[in-house]
Amino acid sequence: MAEKQLDREAFLCPICLDLLGNPVTISCGHSFCMKCLQDHWDQQVEYKCPQCKESFSSRPVLGKNIIIGALMEQLKKSEPSSDRGAGPQDVSCDVCTGRKLKAVKSCLQCVVSFCESHLQPHRDVTMLQKHQLVAPSNKLQENICHEHGKLKEIFCRTDQKIICYLCSVDKHKGHDTVSSAAERAHMQEELEAKTDLLKNRVQHKEADLQRLQQEAQDISHCAQRAVQNSGDMFKDLALLLEKRCSEVEQQIRSEEQIQQGRVQELQDQLQQDVAKLKTIIYKLEKLSNSPDHNQFILRFPLLSKDSETTESKTPTSHHRYFEDVIRAMSVLGNTLKVTLSEFELPDPQEDMAEEDLWLLEIDVDALVSEIQDLNNVEIRKDFLKYAQKITLDPDTAHPDMSVSKDKTRASHRGKQVYLGRHGLRPLQPQVKPCQVLSKEGMSGRCYWEMTVWGEYYEVREARIAVSYKKSNTKTTRGATVVQAFGVDDQSWALQIDEHKYSFWFNNVQHSVFGPVASKIGVFLDHSAGLLAFYSVSDDNMTLLHRVQTTFTQPLFAGVRLCNRGDTVDIIV
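Residues numbered from 1 in each chain as written. Predicted model: local features only at pLDDT ≥ 70, side-chain atom pairs only at ≥ 80, totals over all residues. Heavy atoms only, no water.

With that out of the way, let us pick up the pairing of strand β16 (residues 461–467). For β16, the buried fraction is high: seven of the seven residues fall into the buried class. Residues of β16 alternate between two faces, with Glu461, Arg463, Ala465 and Ser467 on one and Ala462, Ile464 and Val466 on the opposite face, all of them buried. Two strands pair when backbone bridges link them, and β16 and strand β19 (residues 491–497) are joined in this way by seven bridges, in the antiparallel orientation. Considered in β19, the bridge of Ala465 is made with Ala493. Examined bridge by bridge, β16 and strand β25 (residues 555–561) share six bridges and lie antiparallel to one another. (Buried < 20%, exposed > 50% of the residue type's maximum accessible area, 1.4 Å probe, protein only. Helix = DSSP H or I, 4+ residues; strand = E, 2+ residues; numbered from the N terminus. Pairing = 2+ DSSP bridges.)

Okay, the sheet that holds strand β20 (residues 501–505) next. In space, the six strands of this open sheet follow the order β14-β25-β16-β19-β20-β21, with antiparallel pairing throughout. The open sheet has two free edges, formed respectively by β14 (435–442) and β21 (508–512), since each of these has just one partner strand. When strand polarity is set aside, the average angle formed by the axes of neighbouring strands in this sheet is 20°. (Axes fitted to C-alpha atoms, helices over the stretch in contact; angles between N-to-C directions.)

Ranked by internal contacts, the top residues of the largest apolar core, which has 37 residues, are Trp448, Trp492 and Leu531. When residues no more than four places from it in sequence are discounted, the contact partners of Leu531 are Val466, Trp492, Val522, Phe523, Leu524, His545, Arg546, Val547 and Phe551. Counting residues in hydrophobic clusters, the runner-up holds 17 residues, among them Ile26, Cys36, Ile68 and Leu75. (Core = buried A, V, L, I, M, F, W, Y, C linked by side-chain atoms within 4.5 Å. Contact = heavy atoms within 4.5 Å.)

Before going further, it helps to spend a moment on the confidence of the model for the chain. Across the chain, the average pLDDT comes to 80, with 81% of residues at or above 70. The weakest mean pLDDT in the chain belongs to helix α10 (residues 364–373) at 41; the strongest belongs to β25 at 93. Across residues 1–6, confidence stays below pLDDT 50; counting only partners more than four residues off in sequence or on other chains, it has one contact. Overall, residues 352–376 carries pLDDT values under 50, and its contacts beyond four positions in sequence, including any with other chains, amount to 49 contacts. (pLDDT = per-residue confidence, 0-100.)

The next subject is helix α7 (residues 180–288). The terminal C-alpha atoms of α7, which comprises 109 residues, lie 151 Å apart, in line with the 162 Å expected from a rise of 1.5 Å per residue. Along α7, the residues that are buried comprise Glu183, Glu215, Cys222, Ala226, Asn229, Met233, Val248, Asp273, Ile280 and Leu287. (Expected span 1.5 Å × (residues − 1).)

What follows concerns the sheet that holds strand β10 (residues 177–179). Taken in spatial order, the three strands of this open sheet run β9-β8-β10, and their pairing is antiparallel. At either end of the open sheet lies a strand with only one pairing partner, and these are β9 (161–163) and β10. Across the sheet, the axes of successive neighbouring strands diverge by a mean angle of 35°, strand direction being ignored. Strand direction decides the pairing type here: strand β8 (residues 154–156) and β10, joined by three bridges, are antiparallel. Residue Cys156 lies in a different strand from β10, and its bridge partner there is Thr177.

Here it is in structure tokens:
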């Protein structure tokens, strides 16, 4: 045993007096723990060996002594854990003198940490067996009252402090106090409940995480499909346009040949007539110089008759060839531009529920249909850039309709008009509908919104319309009668009530399906012949009905109110 102790002492660090940890050997031959030597030199001005005091001009570079390190590992494995000295990070035994061994337990009552040897009385003595032993701790002094030097074993719920017995009868007298063990038991229950709650939240979040991971995969898959399908769709559209372009070009060239042939025939005929006329002129001039009077008299009537046979109609010149084709292509081009410029996919930055992922599933047929028909759902801000200031013209308003001073509101203040259960009856000429036109005419791209609301009746009935200026009037037996919007072929009207929509044109009604809202948006592209009505809700717009035609005059916004108390506001 003496030999073993001697061998162990030879490998102790002179600084921490424990077995060398991560040993390093400096040039003087002495070995230390690397951390002990680094900490020692960090606090010194000069670099000296802590054991022999040899000085170094500069701080030596430390490298691990591999041989000594291997011996330390074998020595630590061979000795009992109870014989190991306390390292820098360990709790040392408070009873050991000289070399401190590593503590294995701390006693809360004794406020002392013990190694295996000094802990033995707590295992053998009956009174000491009642003490509470815990894992080794450097914070035992926190359990001692600084004022009374007594053990803290009472918890004051009033002040939320751990106190000693003397504190409970002094400064904390009359407070709600319990033993630390009782408070620990109470908090233990809360801890277990809190732990269960947190575990449950972890399970839910892990489930959410799995769903999000699946959603990310679905998004990538759907995006790839959308890219592939959109690419195929645009290729198909390009091929279709190229094919149609070739067909139109062939038709134009064919028509060109026909017209060129017609012109060539006229040119040939005119050239023949010119040659014949020149021959007759030559003969007439020759006859004019003839001295024979009898021959002159006989031949002149014949030559004069021949000149009359060469008379032909002057060919008409058409300077506006293919204008119908150019006009049709212009309409088509404008329509495509509007369609492609206003077509948008859902915003990828917006949150989408899992059940809405199908929006990213876009096939070629559906996308082509969307491009041809525009999106049913539009973004309101995309239309507001075309917003036009519109005011109502009191001169066109029905006598029972009042127009506000700023000319942006009109109200029906007359008698109730009974329209029956099935909508509007065919209007008689003597009926004068309660409606009004805007003061401004529109001929470009325009957008405006109107809201219709009722004051006295639950059911609202109104028509939001566009019309030529004079299309809503006609003369009957010398009197001018106002026509309702949508009863002729020069006004277009969307009828709105509490439960449904319908579209009126040329006195023909078409059912319209869509979300019923009091706010209606109207978009007009006059040059492209496009008119669209939208149901507006917040920042989204749902297409209700669209018209594709040719407009020949400026259009005016109009509204017809059917029930007393109904009001319309122009809000854009």
